[in-house]
Amino acid sequence: MSKTLTIMLLSGAAENEDAEFATRLALAVQDKGHKVQMYLFGNAVNLSKKETPIEGDLHIQPRLVDHIEPTKSFDRLAEIIRRGGDVSTCHTNEHARGIESREYVEGVKWGDVGGSFTKYLMTSDALLSVGH
Amino acid sequence: MLNSVCFVVAKPLGVEQGTLGIRAAWACHQNGFEAKLVYAEEGVWCAIGNPGYHTSLLKDLLAEDGDVYVVKEDLEKRGIAPESVPDGVEVIPASDVAGICEDMETVNYF
């Protein structure tokens, strides 16, 4: 029987591997036929926005770009959504980072903890918070 | 559906995750979920009435009959007197934390 997992992700792409873990876990859960909801809280809201490309030389070594690339979770987020996953953010945390007006990665929804997150709880069998 | 949620705040005052913990607890409480908030480890620094957003939200939660706990041993380790904790916050021994967690359907650590 299909169940629903909600993941509350607290970390962005750069400070640790939590975002990579959470997005890979979400895909694995979907592979098993279950539903996934993700709430991006705290620094995780940085995963929700499209990149603003910089023209010219980044002045960052390619191997360092590979290491820190904030967009590396975007493809997995998009795939989670394409498979029916529901992903929303905390717009207050976006505002705190000055990114609220930027465009979302396709499928990511504007949200808040009082609305989006508690709505997720109403349809969840399990809640996992990921972040440190 | 999850009906009950425990939030453990272990980050000190000034670290965003601690604020996210109480905000999530407040949101759940206001939306009818059974929510318990436990301050442990460095998180006890958030529960001693320091001025600012965290304490103001804590007061709102207590005024709305929110369940808030702080771990006695973690206060003692930091030289914080239990009397420093605002009225309404229950000072509990560390041995009681497991029971609180067992009573809830999910436990989340901030």
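For the structure given in this document, a descriptive report is provided here. Just so it is clear, the structure is predicted and the values come from calculations on it, not from any experiment.

Thresholds applied
- Residues numbered from 1 in each chain as written.
- Chains lettered and ligands numbered in written order.
- Predicted model: local features only at pLDDT ≥ 70, side-chain atom pairs only at ≥ 80, totals over all residues.
- Heavy atoms only, no water.
- Salt bridge = Lys/Arg side-chain N within 4 Å of Asp/Glu carboxyl O.
- Helix = DSSP H or I, 4+ residues; strand = E, 2+ residues; numbered from the N terminus.
- Buried < 20%, exposed > 50% of the residue type's maximum accessible area, 1.4 Å probe, protein only.
- Phe/Tyr/Trp six-rings, centres within 6.5 Å; stacked < 30°, edge-to-face > 60°.
- Lys NZ or Arg CZ within 6 Å of the ring centre and 35° of its normal.
- Pairing = 2+ DSSP bridges.
- Axes fitted to C-alpha atoms, helices over the stretch in contact; angles between N-to-C directions.
- Contact = heavy atoms within 4.5 Å.
- Buried area = accessible area lost by both parts, 1.4 Å probe.
- Nonpolar A, V, L, I, M, F, W, Y, C, P; charged D, E, K, R; others polar.

### Here we look at the pattern of salt bridges
So, step 1. Overall, the coordinates contain 13 salt bridges over all chains when judged by the stated rule.
So, step 2. Two residues, E42 of chain B and R78 of chain B, come together in a salt bridge whose shortest N-O distance is 2.8 Å. Here E42 of chain B is found in the loop between β2 (34–39) and α2 (53–63), whereas its partner R78 of chain B is found in the loop between α3 (72–77) and β4 (90–92), with 36 residues between them in sequence.
So, step 3. R78 of chain B gets classed as partly exposed once you look at its relative accessible area, which sits at 22%.
So, step 4. A salt bridge links K77 of chain B to D74 of chain B, with the shortest nitrogen-to-oxygen separation between them at 3.8 Å. A residue pair is termed a helical-turn pair when its members lie 3 or 4 positions apart in one helix, as K77 of chain B and D74 of chain B do in helix α3 at three residues.
So, step 5. Residue K77 of chain B is classed as exposed on the basis of its relative accessible area of 68%.
So, step 6. Note on D74 of chain B: relative accessible area 10%, which makes it buried.
So, step 7. Through salt bridges with shared partners, one network takes in D31, E79, R82 and R83 of chain A.

### Side note on the packing of aromatic side chains
Residue and element names in this part refer to chain A.
So, step 1. On inspection of all chains with the given rule, the structure shows three aromatic pairs over all chains.
So, step 2. Between Y39 and F117, the ring centres sit 5.6 Å apart and the planes meet at 40 degrees, which makes this aromatic pair tilted. Highlighted residues: Y39 in strand β2 (residues 35–40) and F117 in helix α5 (residues 113–122), separated in sequence by 78 residues. One exposure class covers both Y39 and F117, and it is buried.
So, step 3. The structure contains a cluster of three or more aromatic residues connected by ring pairs, namely Y39, F41 and F117.
So, step 4. The side chain of K49 reaches across the aromatic face of Y104, ending 3.8 Å from its centre.

### A few points about the sheet that holds strand β1 (residues 4–9) of chain B
Residues and elements named next belong to chain B.
So, step 1. The strand order β4-β3-β2-β1-β5 describes an open sheet built from five strands, whose pairing is parallel. Strand pairing shows two members of the sheet lacking a second neighbour, β4 and β5 (106–109), which therefore form its edges. Pairs of neighbouring strands in the sheet enclose a mean axial angle of 25 degrees, with direction left out of account.
So, step 2. Pairing between strand β3 (residues 67–71) and β4: three bridges, direction parallel.

### Describing unusual backbone geometry
So, step 1. Despite not being glycine, H59 of chain A shows a phi value in the positive range, around 60 degrees.
So, step 2. You can see H59 of chain A is positioned in the loop between β2 and α2 (62–68).
So, step 3. Residue H59 of chain A is classed as exposed on the basis of its relative accessible area, which comes to 71%.
So, step 4. For E41 of chain B, which is not glycine, the phi dihedral falls at a positive 50 degrees.
So, step 5. Relative to the helices and strands, E41 of chain B resides in the loop between β2 and α2.

### Concerning the side chain of T23 of chain A
So, step 1. Inspection of the secondary structure puts T23 of chain A in helix α1 (residues 18–31).
So, step 2. You can call T23 of chain A buried: its relative accessible area is 0%.

### A short note on the sheet that holds β2 of chain A
Residues and elements named next belong to chain A.
So, step 1. Pairing is parallel across the open sheet formed by four strands, whose spatial order is β3-β2-β1-β4. Since the sheet does not close on itself, it has two edges, and those belong to β3 (86–89) and β4 (126–130), each with one partner. Ignoring strand direction, the axes of neighbouring strands in this sheet form an average angle of 15 degrees.
So, step 2. In this structure, strand β1 (residues 4–9) lies alongside β2, joined through six bridges in parallel fashion. Counterpart to M8 in the pairing with β2 is Y39.
So, step 3. α5 rests against β1, β2, β3 and β4 of the sheet, and its axis sits at about 155 degrees to β2.

### Some points on the interface of chain A and chain B
So, step 1. The interface is formed by 23 residues belonging to chain A together with 18 residues belonging to chain B.
So, step 2. Both sides of the chain A and chain B interface together cover about 1600 Å² of buried area, and 61% of this is carbon and sulfur.
So, step 3. Interface area lost by chain A to chain B is led by L10, L121 and L127 of chain A, which between them contribute 27%.
So, step 4. Linking chain A with chain B are one salt bridge, by the criterion used here.
So, step 5. Of the charged contacts, one joins R97 of chain A and E16 of chain B as a salt bridge, the two residues approaching to 2.5 Å between their closest N and O atoms.
So, step 6. Put simply, the parts of the chain that give the side of chain A that touches chain B at least two residues each are α4 (91–96), α5 and β4 of chain A.
So, step 7. Examining the composition of the side of chain A that touches chain B, we find that six residues originate from one element, α5 of chain A, more than from any other.
So, step 8. Taken together, the residues that form the side of chain A that touches chain B break down as 11 nonpolar, 10 polar and two charged.

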